[in-house]
Amino acid sequence: MKISQTKDIRSANRLTIIKHILNKKQISRARISEETGLNKATVSTIVKEWMSLKLVEETTMGDSSGGRRPIILTLDGKAGYCIAIDIGARRRPHPHG
């Protein structure tokens, strides 16, 4: 799949971040940025969206190796389950037209 539109890139980034939190169980925004290669601002914006939807929550403070202690993120245990399908509509040229 070729990602060419901003909407597609944003959707792919959202999916990357939520999968990363799901797989790691507990992870900071900075670590997500490091491990995925996504910009820190992008990660923060998307995490904020997930938090507003009550899918991700901040839990504890992580250990610091100097500097600010990271805030650890996890999936919100009360979020339940979600299934999403993005059906992209594409028009084909009419065969008789």
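For the structure, see preceding data.
Let us look at the structure shown here. (Residues numbered from 1 in each chain as written. Predicted model: local features only at pLDDT ≥ 70, side-chain atom pairs only at ≥ 80, totals over all residues. Heavy atoms only, no water.)

### Considerations on the overall build of the protein chain
- Secondary structure summary: the protein chain contains three helices and three strands in total.
- Ordering the α and β elements of the protein chain from the N terminus gives α-β-α-α-β-β.
- The long-range share in the protein chain, meaning contacts at least 24 apart out of those at least 6 apart in sequence, stands at 43%.
- Accessible area of the protein chain: about 8100 Å², with a carbon and sulfur share of 52%. (Helix = DSSP H or I, 4+ residues; strand = E, 2+ residues; numbered from the N terminus. Contact = heavy atoms within 4.5 Å. Areas by Shrake-Rupley, 256 points an atom, 1.4 Å probe, with all protein chains shown as cover.)

### Things to note about the packing of helix α2 (residues 29-36) against helix α3 (residues 40-52)
- Put simply, α2 and α3 touch, their axes get as near as 9 Å, and they point 125° apart. Put simply, α2 runs oblique to α3. Judged by the twist between their axes, the crossing of α2 over α3 is right-handed. Taken together, the residues of α3 that come into contact with α2 (itself represented by Arg29, Ile32 and Ser33) are Lys40, Val43, Ser44, Val47 and Met51.
- For the contact of α2 with α3, the residue count by class is four nonpolar, two polar and two charged. (Axes fitted to C-alpha atoms, helices over the stretch in contact; angles between N-to-C directions. Parallel < 35°, antiparallel > 145°, perpendicular 65-115°, else oblique. Left-handed = near helix turned anticlockwise from the far one by under 90°. Nonpolar A, V, L, I, M, F, W, Y, C, P; charged D, E, K, R; others polar.)

### Quick word on the pairing of strand β3 (residues 71-75)
- The pairing of strand β1 (residues 27-28) with β3 spans two bridges and is classified as antiparallel. For Ser28, the partnering residue across the bridge sits in β3 and is Ile72.
- Across four bridges, strand β2 (residues 56-61) lies against β3 in antiparallel orientation. Within β3, the position partnered with Glu58 by the bridge is Leu73. (Pairing = 2+ DSSP bridges.)

### Side note on the sheet that holds β2
- Here three strands make up an open sheet; going across it, the order is β1-β3-β2 and the pairing antiparallel. Each of the sheet's edge strands pairs with one partner strand only, and the pair in question is β1 and β2.

### Quick look at unusual backbone geometry
- For Lys25, which is not glycine, the phi dihedral falls at a positive 70°.
- For Lys25, the location among the structural elements is in the loop between α1 (6-24) and β1.
- The backbone of Lys54 sits at a positive phi, close to 65°, despite the residue not being glycine.
- Within the secondary structure layout, Lys54 lies in the loop between α3 and β2.
- Given the relative accessible area of 56%, Lys54 is considered exposed. (Buried < 20%, exposed > 50% of the residue type's maximum accessible area, 1.4 Å probe, protein only.)

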